Amino acid sequence: PGRGSRGDGTLAELCAIACEGMTLKIEQDIPTGSGDYRFQTSVVHNGQTYSYIILTPQFTWAQAETAADVQAFLNYALANYKVDPARVYLTGLSIGSNIVLNYMGTSPQEARKVAAVISVGLCQGSNGGAAFNMGTNRIRYWGLTGNNDTQCGTNNTINQSNQVNNNSPAGNPMGKY
């Protein structure tokens, strides 16, 4: 989540993260837009049914959260939930995107714990270490941004995607925006 969802984890503060946006839509199964985009609780692939575990951390933002916070979060999830390590996906919104990409840039070993990354409204400039780790390890990157994003701009997302592609195998770009 982004900075607007910060809180101390108390019931009163959790609404900042759970009472709006995607978490609310998933919880209440609310359709969005003109279509019926209800969240699928499971998917069948090659005859095997897979369910989702969605974990949404709430940061205090008292200090700048770091890649180490994402690492601790992932390690906790992998140790305490029935998680398929080959199907871990990270997403971040605004400053949450920055933190996710900082994590992806820490090392190839850490980056390989993730199957794909989606950033929404990336606020920092592109992250060369993350681009290298994602491209060379064939980790998909999908950057979402609005054409009129005055807070973070569109170039951050475009540049990140291009850098991922510059590090991707020839003919197999890993980045998209």
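This write-up is about the structure you can find in this document. Small disclaimer: the values here were computed from a predicted structure and weren't measured.

Conventions we followed
- Residues numbered from 1 in each chain as written.
- Predicted model: local features only at pLDDT ≥ 70, side-chain atom pairs only at ≥ 80, totals over all residues.
- Heavy atoms only, no water.
- Core = buried A, V, L, I, M, F, W, Y, C linked by side-chain atoms within 4.5 Å.
- Buried < 20%, exposed > 50% of the residue type's maximum accessible area, 1.4 Å probe, protein only.
- Helix = DSSP H or I, 4+ residues; strand = E, 2+ residues; numbered from the N terminus.
- Contact = heavy atoms within 4.5 Å.
- Patch = residues over 30% accessible without salt bridge, like charges linked within 9 Å, V, L, I, M, F, W, Y side chains within 5 Å.
- Areas by Shrake-Rupley, 256 points an atom, 1.4 Å probe, with all protein chains shown as cover.
- Salt bridge = Lys/Arg side-chain N within 4 Å of Asp/Glu carboxyl O.

### Overview of the nonpolar core
One finds L90, Y103, M104, V117 and M134 to be the most contacted residues of the largest nonpolar core, which totals 21 residues. Those elements giving two or more residues to this core turn out to be α3 (67-80), α4 (95-104) and α6 (128-136). The greatest single-element share of this core, amounting to five residues, is contributed by α4. Contacts of M134, omitting those with residues within four sequence positions, involve L101, M104, V117, I139, Y141, Q160, V164 and M174.

### What to know about unusual backbone geometry
Within the chain, S94 stands out as a residue other than glycine whose phi angle is a positive 60 degrees. Of note, S94 is situated in the loop between β3 (89-93) and α4. Overall, S94 belongs to the partly exposed group, its relative accessible area being 23%. Even without a glycine there, the phi angle at R138 is positive, about 55 degrees.

### Section: the environment of Q58
With respect to the helices and strands, Q58 occurs in the loop between β2 (48-51) and α3. Classification of Q58 by relative accessible area gives buried; the value is 18%. Sequence spacing of Q58 and R6 is 52 residues, and the spatial spacing of their C-alpha atoms is 5.9 Å. Discounting chain neighbours no more than four positions away, the residues touching Q58 are S5, R6, G7, D8, G9, E13, L14, A16 and I17.

### Examining a nonpolar patch on the surface
Among the surface-exposed residues, I53, L55, Y76 and Y81 lie close enough to one another that they form a single nonpolar patch of about 380 Å² accessible area. Among the secondary structure elements, L55 is positioned in the loop between β2 and α3.

### Some words on the pattern of salt bridges
Pairing between side chains of opposite charge can happen when their charged atoms approach one another. Inspection of the entire model under this criterion finds two salt bridges. Here R87 makes a salt bridge to D84, at a shortest N to O gap of 2.6 Å. Residue classification places R87 among the partly exposed residues on the basis of a relative accessible area of 36%. For D84, a relative accessible area of 32% gives the class partly exposed. With its nearest N and O atoms 3.2 Å apart, the salt bridge here joins K113 to E110.

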